[in-house]
Amino acid sequence: MRMVPIEVVIDGTNFGGKTPLVARLLERLAARGWLVGSASVYREGEVYAQWDADPVSAAATIVGRMQAHRERLTDVDVIVWDRGWPTCFISTRHAAARRLFLPLPPLTFILLNSAAATAKKVAKYGLKPAAVPWMHDRRLKDEISYEQLCRLFPNELRSFAPTLADDRFDLDLVAGEIVAEVAQALARPDDRQKPRRCT
């Protein structure tokens, strides 16, 4: 049976360093000799307003984009997602919307930035509520926090907190720990022979 790629999900609060972490991961994984690919499906078209109005459609849009990338990346060893199922799960409690992401990938990592650090970045970059309402206390109807998500799914994800000054993450340290977990997963062939659910 053909091996399927290992999937790694990087998610978390705004301005935590998710995208720079993904870049570091891609470099480190490639340096180990593995073929890697990545995608940022939430940036391919905004679905924020849909989480209240039609969460199933919003989730289906994201899952559809992910499936398209999976079909594009069939020959890689590792796919790194810059946001994935946790972004849906903090945006809506709608069971049918959440079910579209099942089965949840076991290598999911959350960067838990502080509210104060996020507020500083919002002010620094002059981000306006009309452009990015989710950074200005605009809550979705069924929204929960990433901290709540970590408590609800303690076995499905692993969280990291800032360890450097000014609420910054040591992204090299975090990347190293994630690469070690990817190496373990790649060493277990059974984990890569499971058929992936298509939607």
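Quick caveat, the model's predicted, so the values are computed rather than measured.

Novice: What exactly am I supposed to notice about the nonpolar core here?
Specialist: Across soluble globular proteins, you tend to see nonpolar side chains buried next to one another. Among the nonpolar cores identified, the biggest contains 32 residues, and Trp-51, Trp-85, Phe-89, Phe-101 and Leu-149 are the most heavily contacted of them. Secondary structure elements with two or more residues in this core: α3 (55–72), β3 (78–82), α4 (85–91) and α7 (146–152). Here this core gets five residues from one element, more than from any other, and that element is α3. Leaving out residues up to four positions away in the same chain, Leu-149 has contacts with Trp-85, Pro-86, Phe-89, Ile-90, Ile-144 and Leu-157. Judged by nonpolar contacts, the second largest core, of 24 residues, contains Leu-21, Val-22, Val-80 and Leu-186.

Novice: I'm lost on the side chain of Thr-13 in this one. Help?
Specialist: Among the secondary structure elements, Thr-13 is positioned in the loop between β1 (6–12) and α1 (18–31). Not counting chain neighbours up to four residues away, the residues in contact with Thr-13 comprise Lys-18, Leu-111, Leu-112, Asn-113 and Tyr-146.

Novice: How should helix α8 (residues 171–186) be read in this particular structure?
Specialist: Residues three or four positions apart in an α-helix share a direction because the helix packs 3.6 residues into each turn. When the terminal C-alpha atoms of α8 are compared, their 22 Å separation across 16 residues agrees well with the 22 Å that a helix rising 1.5 Å per residue should span. Buried residues of α8: Leu-171, Val-174, Ala-175, Ile-178, Val-179, Val-182, Ala-183, Ala-185 and Leu-186, and no others. On its buried side, α8 packs onto β1, α1, β3, β4 (107–111) and β5 (158–160).

Novice: Would you mind showing me how to read the pattern of salt bridges here?
Specialist: Opposite charge on two side chains permits them to pair, given that their charged atoms come into close proximity. The full count for this structure, using the stated rule, is six salt bridges. Two residues, Arg-28 and Asp-172, come together in a salt bridge whose shortest N-O distance is 3.8 Å. Here Arg-28 is found in helix α1, whereas its partner Asp-172 is found in helix α8, with 144 residues between them in sequence. Across the pair Glu-177 and Arg-158 runs a salt bridge whose closest N-O atoms are separated by 2.1 Å. Placement of the pair is Glu-177 in helix α8 and Arg-158 in strand β5, with a sequence separation of 19 residues. Residue class for Glu-177 comes out partly exposed when judged on its relative accessible area of 27%.

Conventions used here
Residues numbered from 1 in each chain as written. Predicted model: local features only at pLDDT ≥ 70, side-chain atom pairs only at ≥ 80, totals over all residues. Heavy atoms only, no water. Core = buried A, V, L, I, M, F, W, Y, C linked by side-chain atoms within 4.5 Å. Buried < 20%, exposed > 50% of the residue type's maximum accessible area, 1.4 Å probe, protein only. Helix = DSSP H or I, 4+ residues; strand = E, 2+ residues; numbered from the N terminus. Contact = heavy atoms within 4.5 Å. Expected span 1.5 Å × (residues − 1). Salt bridge = Lys/Arg side-chain N within 4 Å of Asp/Glu carboxyl O.

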